[in-house]
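Observations on the model geometry
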Amino acid sequence: MSTKSFVATEERPSRRVRQRTDDDVEECVRLLAEVHQRDGYPVNWPDRPGEWLSRASLLDSWVAELDGRLAGHVSLSQSGEGDLAPTLWSERTGTTRGSTAVVSRLFVAPQARGHRIGALLIGRAVEESRRRGLHPVLDVVTSDTTAAALYERLGWEPLATVEQRWNPQQTVTIRCYAAPS
């Protein structure tokens, strides 16, 4: 008599990352508001969140979908004024700030967490950065321990923890990272 083993198969949600379109911005803002309310990201809610997601130094941005619904966002930008990670990386490697790309505006909808959406989005931004011949860097406020844990799990190298003045009344502590080489 033979004994057969049955393995229960669980359907996995479908995930994909695609380039963000103008039509996605409104839904991205809605998800960002959920993230801000739950996690405090971004620390300061922007006056114009759609513009904040599409700042002038933007190189590209992507959204993740989980079972056909928007689940997260990430951007890749040129180094801008106030970005410390590019300076730290260029000082460490003897390159210019222009040899970096800043991974930013990363968020995952609370209901989509646990599906590796953040890792997929970061992977897409890193891939595009490298395709452009740039080294990806980023920074995160030290209070965002979940994001820092993700970056470290993905092998990102801590560059420094520094104080940064965001306005006359607000100084924040940020951790700067560089993608693994």
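Residues numbered from 1 in each chain as written. Predicted model: local features only at pLDDT ≥ 70, side-chain atom pairs only at ≥ 80, totals over all residues. Heavy atoms only, no water.

Our focus in this paragraph is the sheet that holds strand β4 (residues 100-108). Spatially, the seven strands line up as an open sheet ordered β1-β2-β3-β4-β5-β7-β6, and their pairing is mixed. This sheet does not close on itself; its edge strands, each paired only once, are β1 (15-19) and β6 (157-167). Pairs of neighbouring strands in the sheet enclose a mean axial angle of 30°, with direction left out of account. The pairing of β6 with strand β7 (residues 170-178) spans nine bridges and is classified as antiparallel. The residue of β7 that forms the bridge with Thr 161 is Arg 175. (Pairing = 2+ DSSP bridges. Helix = DSSP H or I, 4+ residues; strand = E, 2+ residues; numbered from the N terminus. Axes fitted to C-alpha atoms, helices over the stretch in contact; angles between N-to-C directions.)

This next bit is on the pattern of salt bridges. Taken as a whole, this structure holds 13 salt bridges when the rule is applied. When the shortest N-O distance is used, the salt bridge between Glu 27 and Arg 30 registers 2.7 Å. Taken together, the residues span about one helical turn, with Glu 27 and Arg 30 both in helix α1 (residues 25-39) at a distance of three residues. Since its relative accessible area comes to 29%, Glu 27 is described here as partly exposed. The closest approach of N and O atoms between Arg 124 and Glu 128, which form a salt bridge, is 3.8 Å. One end of the pair is Arg 124 and the other is Glu 128, both in helix α4 (residues 117-131) and four residues apart, which spans about a single turn. (Salt bridge = Lys/Arg side-chain N within 4 Å of Asp/Glu carboxyl O. Buried < 20%, exposed > 50% of the residue type's maximum accessible area, 1.4 Å probe, protein only.)

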